[in-house]
Amino acid sequence: MVKAAVLTAPNQPIEVQEFPRPEKLEDGAALLKVDLAGICGTDIHLWHGRLKIPYPVIPGHETVGTLEEMGKGLEKDLLGKPLSVGDRIYFASGVDCGRCYYCQIAKEQTRCINRKVYGITLSCKSPPYLFGGHSEYVYLLPKAYLFRVPEDLPTESLVSVGCAAPTIIHGIEVVGVEAGDSVAIQGAGPIGLFALALAKESGASTTVVIDSVKERLEVAREMGADFLINTNDAISPQERVQRVLDLTDGIGADVVLECTGSPNALDDGLLMCRDSGRYLVVGHFTDRGTTAVNPHLITRKQLKIYGSWGMAPRHYYKALKILRTIHRKYHFEKLITHTFSIEKAQEAFETVENRKAVKAVFKP
Ligand SMILES: [Zn+2]
Ligand SMILES: [Zn+2]
């Protein structure tokens with residue numbers, strides 16, 4: 001039997017359930033023994049029903065595991081590297097159909113109309129059940145995108161930003177960060193922190209990180225953020241915006257990245273942008289409600305506002321490539337402040353919800 005954490009319905013206690021270990025794999029499928037699985041902010045939102053998902057669901061969409069069984073025909077990973085039992089595997093949480101308008105015409109796999117996402121939109125109601133990382137095993141469908149993890153990339157360095165890295169790599173691909181840009185980052189969770197690393201590596205001249213949690217801002221400082229704004233100090237929106245203006249020659253940031261998931265971040269964010277600046281809204285994977293925005297501001301400031309949803313296989317590939325180069329410089333493994341067993345799922349989720357962890361993970 002396989003132990004896994006299960007979201008049974010919105011706002012219900014998280015159950016630890018047992019599922020039968022799949023006996024026979026379908027052709028092209030794989031079975032992973034989970035080494036480490038991250039708990040993402042999104043998991044907390046799913047727990048509270050802020051995204052329509054087919055409960056019951058085993059959460060967990062940022063996972064590294066050891067290949068334990070391979071279905072017939074599975075021989076290589078997405079990059080054509082031969083796979084064998086015992087390999088460390090990282091996989092794309094999204095499985096697209098490859099056939100729809102968005103897959104083939106618009107070339108936006110993240111908007112595939114038949115998209116299934118591990119730990120989110122794949123239910124554990126029926127066999128083979130194991131579609132989430134918060135479990136001892138994960139069943140990878142034949143269409144899943146697998147990557148063999150390079151030997152010089154530690155599992156902790158990858159899982160700490162397992163979802164955040166591809167998410168913001170996608171976001172920055174959409175919004176663009178150019179050499180010399182000033183970049184303001186709202187939110188210093190894993191997405192904001194990886195955004196900071198990417199901005200610095202892209203040649204940003206000034207980076208400003210904004211959050212209310214001192215420990216997170218401290219991590220941002222260690223990673224090389226030029227300026228920090230603690231929203232507990234700069235309480236009013238006017239103060240926060242003014243500080244960003246002061247740090248950017250009075251004109252505002254070239255690029256502002258919303259990595260908070262909090263609707264009212266938009267009010268500040270639009271004002272922090274310079275005229276004709278670029279604003280990326282990437283933190284709202286789940287529905288946290290509305291906020292009032294003055295359209296005049298968008299017209300007058302000539303703003304460019306972008307959205308970015310999830311990530312496609314190419315962003316996982318880029319995450320692996322980038323992390324291999326920069327993980328020693330930024331020590332992403334240090335983001336992991338809490339490690340839990342599957343049995344402690346309830347405590348783990350509460351810890352993340354109460355923002356006590358920079359990053360929490362399950363180690364089955
Ligand atoms: Zn996530
Ligand atoms: Zn599709």
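For the structure itself, look to the data block above.
**A look at the side chain of D43**
On the secondary structure map, D43 appears in helix α1 (residues 41-47). K359 provides the closest opposite charge to the buried, salt-bridge-free D43, at an N-O distance of 6.7 Å. Not counting residues up to four positions away in its chain, the partners in contact with D43 are G38, P59, G60, H61, H134 and F349.

**Side note on the pattern of salt bridges**
Overall, the coordinates contain 13 salt bridges when judged by the stated rule. Between D211 and R355 there is a salt bridge; the shortest N-O distance is 3.5 Å. One end of the pair, D211, is in strand β11 (residues 206-211); the other, R355, is in the loop between α11 (345-353) and β17 (359-362), and 144 residues separate them in sequence. Residue classification places D211 among the buried residues on the basis of a relative accessible area of 5%. Where E218 meets R221, a salt bridge forms, and the shortest distance between an N and an O atom there is 3.3 Å. Here the residue E218 and the residue R221 both occupy positions in helix α6 (residues 214-222), the gap between them amounting to 3 residues, near one helical turn. Judged by its relative accessible area of 37%, E218 falls in the partly exposed class. Within this structure, R21, E68 and E69 form a network of salt bridges that share partners.

**Some thoughts on the environment of I39**
When you line up the elements, I39 lands in strand β3 (residues 30-39). C-alpha of I39 to C-alpha of R324: the two residues are 285 residues apart in sequence and 22 Å apart in space. The contact partners of I39, leaving out residues within four places of it in the chain, are E62, H134, A348, F349, V352, K359, A360, V361 and F362.

How each quantity is defined
Residues numbered from 1 in each chain as written. Chains lettered and ligands numbered in written order. Predicted model: local features only at pLDDT ≥ 70, side-chain atom pairs only at ≥ 80, totals over all residues. Heavy atoms only, no water. Helix = DSSP H or I, 4+ residues; strand = E, 2+ residues; numbered from the N terminus. Buried < 20%, exposed > 50% of the residue type's maximum accessible area, 1.4 Å probe, protein only. Lys, Arg positive; Asp, Glu negative; His and termini not counted. Salt bridge = Lys/Arg side-chain N within 4 Å of Asp/Glu carboxyl O. Contact = heavy atoms within 4.5 Å.

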